[in-house]
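Structural features, examined
Below are the chains, spelled out letter by letter.
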Amino acid sequence: MTLVAILSGAGISTDSGIPDYRGPNGVWRKDPEAEKLVTYDFYLADPEIRRRSWQMRRTAATWNAEPNAAHRAVVDLERSGTPVRVITQNVDGLHQLAGLPARKVLELHGTAREVTCTRCHARSSMGEALERVEAGEADPACTVCGGILKAATVMFGERLDPRVLADAIAVAKACEVFVAVGSTLQVQPAASLAGTAAEHGARLIVVNAEPTPYDALADEVVREPIGTALPRLLAGLASG
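Before going into details, it helps to say that this report is about the structure given with it. (Residues numbered from 1 in each chain as written. Predicted model: local features only at pLDDT ≥ 70, side-chain atom pairs only at ≥ 80, totals over all residues. Heavy atoms only, no water.)

A few words on the overall build of the protein. In terms of helices and strands, the protein carries nine helices and nine strands. A globule of 240 residues ought to have a C-alpha radius of gyration of about 18 Å, and the protein, at 18 Å, matches this closely. Projected onto its principal axes, the C-alpha positions of the protein cover 55 × 35 × 30 Å. Classification of the 240 residues of the protein by burial places 48% in the buried group. Put simply, 64% of the contacts in the protein that link residues at least 6 apart link residues at least 24 apart. Here the protein has roughly 11400 Å² of accessible surface; of this, 51% comes from carbon and sulfur atoms. Charge centroids of the protein, computed over 25 positive and 29 negative side chains, lie 2 Å from each other. (Helix = DSSP H or I, 4+ residues; strand = E, 2+ residues; numbered from the N terminus. Rg over C-alpha atoms; globule rule 2.2 N^0.38 Å. Buried < 20%, exposed > 50% of the residue type's maximum accessible area, 1.4 Å probe, protein only. Contact = heavy atoms within 4.5 Å. Areas by Shrake-Rupley, 256 points an atom, 1.4 Å probe, with all protein chains shown as cover. Lys, Arg positive; Asp, Glu negative; His and termini not counted. Charge placed at Lys NZ, Arg CZ, Asp CG, Glu CD.)

Structurally, Thr 143 can be placed in the loop between helix H6 (126–134) and strand E6 (149–153). The exposure class of Thr 143 is exposed, given its relative accessible area of 68%. Separated by 45 residues in sequence, Thr 143 and Gln 188 place their C-alpha atoms 34 Å apart.

The next thing to look at is the sheet that holds strand E4 (residues 110–117). Two pairing modes exist for strands in a sheet, parallel and antiparallel, and in both the strands are linked by backbone hydrogen bonds. Here three strands make up an open sheet; going across it, the order is E5-E4-E6 and the pairing antiparallel. Two strands lie at the open edges of the sheet, namely strand E5 (123–125) and E6, each paired on one side alone. Across this sheet, the average inter-strand angle for adjacent strands is 45°, counted without regard to direction. The pairing of E4 with E5 spans three bridges and is antiparallel. When the bridges of E5 are listed, Val 115 appears paired with Ser 124. (Pairing = 2+ DSSP bridges. Axes fitted to C-alpha atoms, helices over the stretch in contact; angles between N-to-C directions.)

Turning to the pattern of salt bridges, a few remarks are in order. Counted by the stated rule, this structure contains 11 salt bridges. Between Arg 132 and Glu 137 there is a salt bridge, and its shortest N-O distance comes to 3.0 Å. Note that Arg 223 is salt-bridged to Asp 215, the shortest N-O span being 2.5 Å. Using a relative accessible area of 36% as the deciding quantity, one classes Arg 223 as partly exposed. (Salt bridge = Lys/Arg side-chain N within 4 Å of Asp/Glu carboxyl O.)

One can describe the packing of helix H4 (residues 69–79) onto helix H9 (residues 226–238) by two numbers: an axis separation of 8 Å at closest approach and a directional angle of 10°. Judged by the angle between their axes, H4 and H9 are roughly parallel. Judged by residue contacts, Ala 69, Ala 70, Ala 73, Val 74 and Leu 77 of H4 engage Ile 226, Gly 227, Leu 230, Pro 231, Leu 234, Leu 237 and Ala 238 from H9. Classifying every residue of the contact of H4 with H9 gives 11 nonpolar, one polar and no charged. (Parallel < 35°, antiparallel > 145°, perpendicular 65-115°, else oblique. Nonpolar A, V, L, I, M, F, W, Y, C, P; charged D, E, K, R; others polar.)

Empty space left among the atoms is revealed by rolling a probe the size of a water molecule over them. Empty space within the second largest pocket amounts to approximately 450 Å³. Lining the second largest pocket are 19 residues; nearest its centre among them are Arg 123, Ala 152, Thr 153, Val 154 and Asp 161. If you list the elements that add at least two residues to the lining of the second largest pocket, you get E4, E6 and helix H7 (162–174). Class assignment of the residues belonging to the lining of the second largest pocket gives a composition of seven nonpolar, five polar and seven charged. (1 Å grid on protein atoms, 1.4 Å probe; cavity = no way out; pocket = protein on both sides within 12 Å on 5 of 7 lines; lining within 4 Å. Points joined across faces, edges and corners; volume = space filled by probe spheres on them.)

When the terminal C-alpha atoms of H9 are compared, their 17 Å separation across 13 residues agrees well with the 18 Å that a helix rising 1.5 Å per residue should span. Taken residue by residue, H9 has Ile 226, Gly 227, Ala 229, Leu 230, Leu 233, Leu 234 and Leu 237 as its buried positions. Axial view of H9: buried residues confined to an arc of 165°, hence all on one face. For H9, the secondary structure elements touched by its buried residues are strand E1 (4–8), H4, strand E7 (177–181), strand E8 (203–207) and strand E9 (220–222). Looking one or two residues beyond H9, the residue adopting positive phi is Gly 240, at roughly 85°. (Expected span 1.5 Å × (residues − 1). Arc of directions from axis to C-beta.)

Strand order in the open sheet formed by six strands is E3-E2-E1-E7-E8-E9, and the pairing between neighbours is parallel. Each edge of the open sheet is held by one strand with a lone partner, namely strand E3 (105–107) and E9. Looking at each pair of strands side by side, their axes are set apart by 15° on average, direction ignored. With three bridges connecting them, E8 and E9 associate as parallel partners. Residue pairing across strands places Val 207 opposite Val 222, the latter belonging to E9. Relative to the sheet, H4 contacts E1 and strand E2 (84–88), its axis offset from that of E2 by approximately 150°. With respect to the sheet, H7 is in contact with E1, E2, E3 and E7, its orientation differing from that of E3 by roughly 130°.

These values are about where atoms sit, not about what they do.
Structural data, given as structure tokens:
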């Protein structure tokens, strides 16, 4: 059966109330200083940046977000019996919350639902860390070694997990259909997966409100709202 790879970016989650970063109304355009809160070197060097980062996490839209029609459409495709692999640039975990098996989701940029120690790399839940912040700890330290805690996401200045990236490249090479949805396709190396898929013979479909650098390579470009366009597109793939 046809292997469908789906590269999802921030645009797939905006209908769930999670703002994107680089779109016309993105977080970085509205507040360029906010980028420091998720930049590794700034984060390690400045306790005030960490304090602000924890406050940002505490009030993040992720915690109240629910999967939307686009996330559910991916699950419907998988449940139709079509082999599906999701490669996501998002850290919100909404694909899994929608019901997609975690083993079928490659989180290129990590997850906001866990924290990791920058020294000993111990991992624990974000919920536990945020409870400590709520209790008055401005910058909770690792309970194992006392090191600096951060979200288990890939911050600016950090490398992607090479194993996750290798798996994503393998999926891009093996798939017969590659759908890039809600991504500007500007952040590397994630964006290059679209090119890799096309070079290996996959049908490339781009679903995004704004033009991307890979539109010229695509077999189909869809500019319609993701919440309606993706369910229709994936239903068509499921029916052959």
